[in-house]
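Next come the chains, spelled out residue by residue.
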Amino acid sequence: MSNIKVVPLGAGQDVGRSCILVSIGSKCVMLDCGMHMGYNDNRRFPDFSFITESGRLSEHIDCVIISHFHLDHCGSLPYFSEMVGYDGPIYMTHPTKAICPVLLEDYRRISVDKKGDTNFFTSQMIKACMKKVITVNLHQTIQVDDELQIKAYYAGHVLGAAMFLITVGMQSFVYTGDYNMTPDRHLGAASIDKCRPDLLITESTYATTIRDSKRCRERDFLKKLLECVEKGGKVLIPVFALGRAQELCILLETLWDRMNLKVPIYFTQGLAEKANHYYKLFISWTNQKIKSTFAENNMFEFKHIKAFDKSLTSQPGPMVVFATPGMLHAGQSLNLFKNWAEDEKNMLIMPGYCVAGTIGHKVLSGMKKIEIEKKLINVRLSVQYMSFSAHADAKGIMQLIRQAEPKNVMLVHGEAEKMEFLKQKIVKEFGKSLLFGLAGVEMVCARD
């Protein structure tokens, strides 16, 4: 029996740039290959030189596993495979393989074509990278080689997200990626077998949070949004193209129907249609209600939500706009924020986590003067943070530990202080030995 060695190349005690190396004996697996949205230089990529300074990477890494399509988990994959030079197997679910290249291309276009970034992957590299991907079904055991096998479990969070059980001989560990233990309006709750792994590596984004009921949050969200538009204000909701966007669109569509409201709702052009296409294609990944009513009522065909056109930016009167990306670090959401931030009638609703370094994080920190593209913006609009995040909260993380019954737990993808709080809870309730991820530092989960 070997020790399990874990080296986070990113997202040890940070959110962004998820990339974790796990070794058991002679086998080494890379878990996620993400990008940090808070940087615009090479720091956005994990430090791959830690793996090897020379020679083929596939001699050091047996496989790469991508948990889901968010860029902080898959954004560096074409850079790693095509520019750094990894030619081994890459595993992900069918929805992740379908959606990844769309988001990667969108981000490449913003970074290279609009901002002029260099040392970045090309469209051709994205295509070449995706050709190396092997798709995985839920609960299917895949034999990577004679000793190494992997199995995927439903993670909720976003369409296609999976947790993975990795087994080498008699030893095993679970990597959660991002997950949500609470079902929502369009996805089910994460679940896993009582697999009793030697180690559970879990995200801890909301390690100190115990969320109030979803109904209270939704009521508060709708109340504030309606107050703003009734006064003639514009509501900006920064979202990522797939995930919380659909959750909130379903919520608003239902309310607009019930109250016969006429205030226009818009979504970043092109992305709503694409998202709808993927939800239809992968309907089996949604929750039971959507699956059972899909034939006669497709909840993703919104009659009140229209495609947003740039010419509407300066149009007078109230409106609600879902704009990408979700952290205000580029694109349509940042452009609308610059145009609407100085009018106190308007409102910004941030429905999810924002990484340090992004405009979204600065706004949520209470900054009232922010420099964007060499222009000073006075933040006068109302700023509301309402967590519709699809991450497990402290209660959810504890629930997963109860389900899987691991021998040891390691916290990653979170902030150090919050991890410390959760550590106390886990040790008190389960008496588990607990590790914290630290970028570039090897952790050892000792064998029994």
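Thresholds, definitions, all that
- Residues numbered from 1 in each chain as written.
- Predicted model: local features only at pLDDT ≥ 70, side-chain atom pairs only at ≥ 80, totals over all residues.
- Heavy atoms only, no water.
- Helix = DSSP H or I, 4+ residues; strand = E, 2+ residues; numbered from the N terminus.
- Buried < 20%, exposed > 50% of the residue type's maximum accessible area, 1.4 Å probe, protein only.
- Contact = heavy atoms within 4.5 Å.
- Lys, Arg positive; Asp, Glu negative; His and termini not counted.
- Charge placed at Lys NZ, Arg CZ, Asp CG, Glu CD.
- Expected span 1.5 Å × (residues − 1).
- Pairing = 2+ DSSP bridges.
- Axes fitted to C-alpha atoms, helices over the stretch in contact; angles between N-to-C directions.
- Parallel < 35°, antiparallel > 145°, perpendicular 65-115°, else oblique.
- Left-handed = near helix turned anticlockwise from the far one by under 90°.
- Nonpolar A, V, L, I, M, F, W, Y, C, P; charged D, E, K, R; others polar.
- Phe/Tyr/Trp six-rings, centres within 6.5 Å; stacked < 30°, edge-to-face > 60°.
- Core = buried A, V, L, I, M, F, W, Y, C linked by side-chain atoms within 4.5 Å.

1. A few points about the overall build of the protein
Here is step 1: Regarding its fold elements, the protein presents 12 helices and 22 strands.
Here is step 2: When its C-alpha atoms are laid out on the principal axes, the protein stretches across 65 × 45 × 45 Å.
Here is step 3: For the protein, the residues scored as buried account for 58% of the 448 residues in total.
Here is step 4: Taking the contacts inside the protein whose residues are at least 6 apart along the sequence as the reference set, 73% of them involve residues at least 24 apart.
Here is step 5: Distance from the positive charge centre (54 side chains) to the negative charge centre (47 side chains) of the protein: 5 Å.

2. Concerning helix α6 (residues 244–259)
Here is step 1: The terminal C-alpha atoms of α6, which comprises 16 residues, lie 23 Å apart, in line with the 22 Å expected from a rise of 1.5 Å per residue.
Here is step 2: Extensive coverage of α6 is indicated by the burial of 12 of its 16 residues.
Here is step 3: The set of residues buried in α6 consists of Arg244, Ala245, Gln246, Glu247, Leu248, Cys249, Ile250, Leu251, Leu252, Glu253, Leu255 and Trp256.
Here is step 4: Count one or two residues on from α6 and you reach Asn260, which has phi positive near 55 degrees.

3. Overview of unusual backbone geometry
Here is step 1: For the bond from Thr324 to Pro325, the omega torsion is -5 degrees, close enough to zero to count as cis.
Here is step 2: Even without being glycine, Glu373 reaches a positive phi, approximately 50 degrees.
Here is step 3: Tracing the chain through its elements places Glu373 in the loop between β17 (369–372) and β18 (375–378).
Here is step 4: Even without a glycine there, the phi angle at His413 is positive, about 55 degrees.
Here is step 5: Checked against the element boundaries, His413 lands in the loop between β20 (408–412) and α12 (416–430).
Here is step 6: Given the relative accessible area of 3%, His413 is considered buried.

4. Looking at the environment of Gly317
Here is step 1: Tracing the backbone shows Gly317 in the loop between β14 (305–308) and β15 (319–323).
Here is step 2: In sequence terms Gly317 and Val229 are 88 residues apart; their C-alpha atoms lie 8.4 Å from each other.
Here is step 3: Beyond its immediate chain neighbours, meaning those up to four positions away, Gly317 contacts Gly232 and Lys234.

5. Examining the sheet that holds β14
Here is step 1: If you walk across this open sheet you meet the 6 strands as β14-β13-β15-β12-β16-β19, and the pairing is parallel. Each edge of the sheet is formed by a strand with only one pairing partner; in this case those strands are β14 and β19 (382–385). Averaged over all pairs of adjacent strands, the angle between their axes in this sheet comes to 25 degrees, without regard to strand direction.

6. Looking at the sheet that holds strand β7 (residues 141–143)
Here is step 1: Pairing in this open sheet of 7 strands is mixed, and the strands run β7-β8-β9-β10-β11-β20-β21 from one edge to the other. Whereas interior strands pair on both sides, the edge strands pair on one side only; in this sheet they are β7 and β21 (433–436). Averaged over all neighbouring strand pairs, the angle between strand axes comes to 20 degrees, with direction disregarded.
Here is step 2: Summarising the sheet, strand β10 (residues 171–175) and strand β11 (residues 199–203) pair through 3 bridges and their orientation is parallel. Looking across to β11, one finds that Phe173 is bridged to Leu199.
Here is step 3: The sheet contacts of helix α11 (residues 394–404) involve β9 (162–168), β11 and β20, and relative to β11 the element is tilted by about 160 degrees.
Here is step 4: Sitting on the sheet, α12 touches β20 and β21, and the angle it makes with β20 is about 165 degrees.

7. Remarks on the packing of helix α3 (residues 94–114) against helix α4 (residues 123–130)
Here is step 1: Taken N-terminus to C-terminus, the directions of α3 and α4 make an angle of 160 degrees; their axes are 10 Å apart at the nearest point. The orientation of α3 relative to α4 falls into the category roughly antiparallel. Every pair of crossing elements has a handedness; the one defined by α3 and α4 is right-handed. Residues Lys97, Cys100, Pro101, Leu104, Glu105 and Arg108 of α3 pack against Ser123, Ile126 and Met130 of α4.
Here is step 2: Of the residues contributing to the contact of α3 with α4, the split by class is 5 nonpolar, 1 polar and 3 charged.

8. Considerations on the packing of aromatic side chains
Pairs of aromatic rings are described using the distance from one ring centre to the other and the angle between the two planes.
Here is step 1: Here the structure, examined in full by the defined rule, presents 11 aromatic pairs.
Here is step 2: Seen from their ring centres, Phe45 and Phe120 are 6.3 Å apart, and the 50 degrees between their planes marks the pair as tilted. Here the residue Phe45 occupies a position in the loop between β3 (27–31) and β4 (63–65), and Phe120 occupies one in the loop between α3 and α4, the gap between them amounting to 75 residues.
Here is step 3: The buried category is assigned to Phe45, whose relative accessible area is 5%.
Here is step 4: Classification of Phe120 as buried rests on a relative accessible area of 8%.
Here is step 5: Put simply, the rings of Phe45, Phe48, Tyr79, Phe80, Tyr86, Tyr107, Phe120 and Phe121 pair up and form one aromatic cluster.

9. Considerations on α11
Here is step 1: If you check which residues of α11 are buried, you get Ala394, Gly396, Ile397, Met398, Leu400, Ile401 and Ala404.
Here is step 2: Where the residues of α11 are buried, they touch β9, β11, β20 and α12.
Here is step 3: In the segment just after α11, Glu405 is the residue with positive phi, at about 55 degrees.

10. Topic: the nonpolar core
Generally speaking, soluble globular proteins have nonpolar side chains that are buried together.
Here is step 1: Residues Met30, Leu31, Phe80, Ile201, Phe221, Ile237 and Phe337 are the most contacted members of the largest nonpolar core, which totals 162 residues.
Here is step 2: Per element, the largest residue contribution to this core is 8 residues, and it comes from α6.
Here is step 3: Setting aside its immediate chain neighbours within four residues, Met30 contacts Cys19, Ile20, Leu21, Phe48, Ile51, Ile61, Cys63, Val64, Ile65 and Phe80.

11. Side note on the environment of Val444
Here is step 1: Here Val444 is to be found in strand β22 (residues 443–445).
Here is step 2: It is 36 Å that separates the C-alpha atoms of Val444 and Pro351, two residues lying 93 residues apart in sequence.
Here is step 3: Once you skip the residues sitting within four places of it in the chain, Val444 turns out to touch Asn3, Ile4, Lys5 and Leu435.

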